[in-house]
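Breakdown of the fold
Below, each chain spelled out in residue letters.
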Amino acid sequence: MNISAFLNEQVEPIVDEWVVFARSKLPASHQFTRHELADHAKVLLLAIAADMAQAQGGGDQHDKSQGNKPENAPNITRTAREHAEQRFDQGFSLDHLLSEYRALRASVIRRWTQQLQEARKDDLEQLTRFGESMDQALSESASLYSKKVDDSRNLLLGVLGHDLRTPLGVVQMSAQYLLRADTLTGGQTKAVARIVTASERMRDMVKDILDFTQTAFGVALPITPVPADFGVITTNIVTEVAALHPDSRIELTCEGDLSGRWDAARIGQMLANLIANAVQHGAAGAPVNVSVDADEEAVRVKVTNAGQPIPARARENMFTPLRQRPTVEADRRPGSSGLGLGLYITKEIAVAHGGTVELASDDEQTTFSVRLPRVPPLAADRRAQNPQLSLKPPPLGGAGNAQP
């Protein structure tokens, strides 16, 4: 009996075995009926049987084995996705979902081979095709389940970041009010100042979380390019970071014509992330060097610090959020959340402006390099449609060279 006919004949006992296995993977507190646990098993097996009953050429088999034809069996794809969604709602873990498919595959193969008198070449071909169908279902289920997990995590972070803004704002306003009072002692003033500094760091972390959740849902960071001077923006950010880290030394050099069209607030956020990262992870006592120059088409900024090199494996995930190497609190530098959101947001801001971010690290120094076109792609399109838009920013004062 071929596998297609076998599945149609033995679907009920196979589903019974599926239910027993599924129940064994759940804690006792999760009580589900047989129908809930079986949910899509029968439909999936019958869809696989129907697909295997159809003729298949060598080219189709090769494409399926490479995962290049997910649309070849829409019933398998649809059922696998529905199963993943229901298992997610029921509280199954991804490991449990994957183990279900492993058990189902083993159950079918064991039952089918037991009724074989002898194995023929055609039997091996059927076994291969059954494996391809199971792999397709498994791939679709795992992909959808993983997406739902990511979406749930991102939604949680977004809601958390949004809801934290109000109480954090109250803390900041109250601390600022206390600083303006004349009744505080010297020790009390220092304590309130620390509250202000800590709340500002928390505000930046919340902003990074909100930016991350926005991009994680596939929405590009919004930017509003306006005429600006990159040197002035950089000078202001260096001054702010230096004020937050009075024990650090930040050396800034600006050269050339640094005018263009950028979202000044986003560029400032990007620079603050890079410079603060260099201060936090650089060698104590060594300066952080920030250099800005330009050519006809783009502006370049480099942020360099001395210190321990970044390992090659860590560099692979340096711009990937929530993938940083776990660190204990004692090893974490002040101001670092340990989530890796700052560098992720930095890259997203650069990409939104049509730019790039690169990292180089050796035994002597670590350098983050950003290259941004003078006019972001979308802004360039608007300027082409309206030549009256000026590239030159209004007079803001020369940036020159700064040594905070």
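That block above? That's the structure.
This structure is a prediction, so every number in the text was calculated from the model and none was measured.

1. A few points about the overall build of the protein chain
Along the protein chain, the regular secondary structure elements total 13 helices and seven strands. Taken across its 404 residues, the protein chain has 37% of its residues classed as buried. Long-range pairs, those at least 24 residues apart, make up 76% of the contacts in the protein chain with a sequence separation of at least 6.

2. Some remarks on the packing of aromatic side chains
Scanning all chains against the criterion turns up three aromatic pairs. Residues Phe230 and Trp262 carry aromatic rings whose centres are separated by 5.2 Å and whose planes lie at 80 degrees to one another, so their mutual orientation is edge-to-face. In this pair, Phe230 is assigned in helix H9 (residues 230–244) and Trp262 in strand E3 (residues 259–262), connecting sequence segments 32 residues apart. The burial state of Phe230 is the same as that of Trp262; both residues are buried.

3. Considerations on the sheet that holds strand E6 (residues 356–361)
Read across the open sheet, the five strands follow the order E2-E4-E5-E7-E6; overall the sheet is mixed. Looking at the sheet topology across the chains shown, the edges are occupied by strand E2 (250–254) and E6. The sheet shows a mean angle of 15 degrees between the axes of neighbouring strands, direction not considered. Of the strand pairs in this sheet, E6 and strand E7 (residues 365–373) are connected by six bridges, and their pairing is antiparallel. Bridging from a neighbouring strand, Ser361 pairs with Thr366 of E7. Packing against the sheet, helix H12 (residues 341–352) makes contact with E6 and E7, and its axis sits at approximately 135 degrees to E6.

4. Here we look at the nonpolar core
Generally speaking, a soluble globular protein has its nonpolar side chains buried in company with each other. Within the largest apolar cluster, 41 residues are counted, with the highest numbers of intra-cluster contacts made by Phe230, Met270 and Ile275. Broken down by element, the residue count for this core peaks at seven residues, all from helix H10 (residues 264–281). Contact partners of Phe230, with chain neighbours within four places excluded, come to Leu258, Trp262, Ile267, Met270, Leu271, Val292, Val299, Val301 and Leu372.

5. A look at the packing of H10 against H12
Put simply, H10 and H12 touch, their axes get as near as 9 Å, and they point 140 degrees apart. The two elements H10 and H12 cross, and the hand of that crossing is left-handed. Counted together, Arg266, Ile267, Gln269, Met270, Asn273, Leu274 and Asn277 of H10 and Gly342, Leu343, Ile345, Thr346, Ile349 and Ala350 of H12 form the full contact between these two elements. Here the contact of H10 with H12 is built from residues that sort into seven nonpolar, five polar and one charged.

6. Observations concerning the pairing of E7
On a regular strand, each side chain points to the face opposite its neighbour's, so the side chains alternate between the two faces of the sheet. In the sheet, strand E5 (residues 298–306) pairs with E7 via nine bridges, with the strands oriented antiparallel. When the bridges of E7 are listed, Val303 appears paired with Phe368. Following E6, the chain reverses through three residues before pairing antiparallel with E7.

7. Remarks on helix H6 (residues 94–114)
Taking 1.5 Å of rise per residue, 21 residues should cover 30 Å, and H6 covers 31 Å from first to last C-alpha, within 8% of that figure. Among the residues making up H6, those that are buried are Leu97, Ser99, Glu100, Tyr101, Leu104, Ser107, Val108 and Trp112.

Cut-offs and rules
Residues numbered from 1 in each chain as written. Predicted model: local features only at pLDDT ≥ 70, side-chain atom pairs only at ≥ 80, totals over all residues. Heavy atoms only, no water. Helix = DSSP H or I, 4+ residues; strand = E, 2+ residues; numbered from the N terminus. Buried < 20%, exposed > 50% of the residue type's maximum accessible area, 1.4 Å probe, protein only. Contact = heavy atoms within 4.5 Å. Phe/Tyr/Trp six-rings, centres within 6.5 Å; stacked < 30°, edge-to-face > 60°. Pairing = 2+ DSSP bridges. Axes fitted to C-alpha atoms, helices over the stretch in contact; angles between N-to-C directions. Core = buried A, V, L, I, M, F, W, Y, C linked by side-chain atoms within 4.5 Å. Left-handed = near helix turned anticlockwise from the far one by under 90°. Nonpolar A, V, L, I, M, F, W, Y, C, P; charged D, E, K, R; others polar. Expected span 1.5 Å × (residues − 1).

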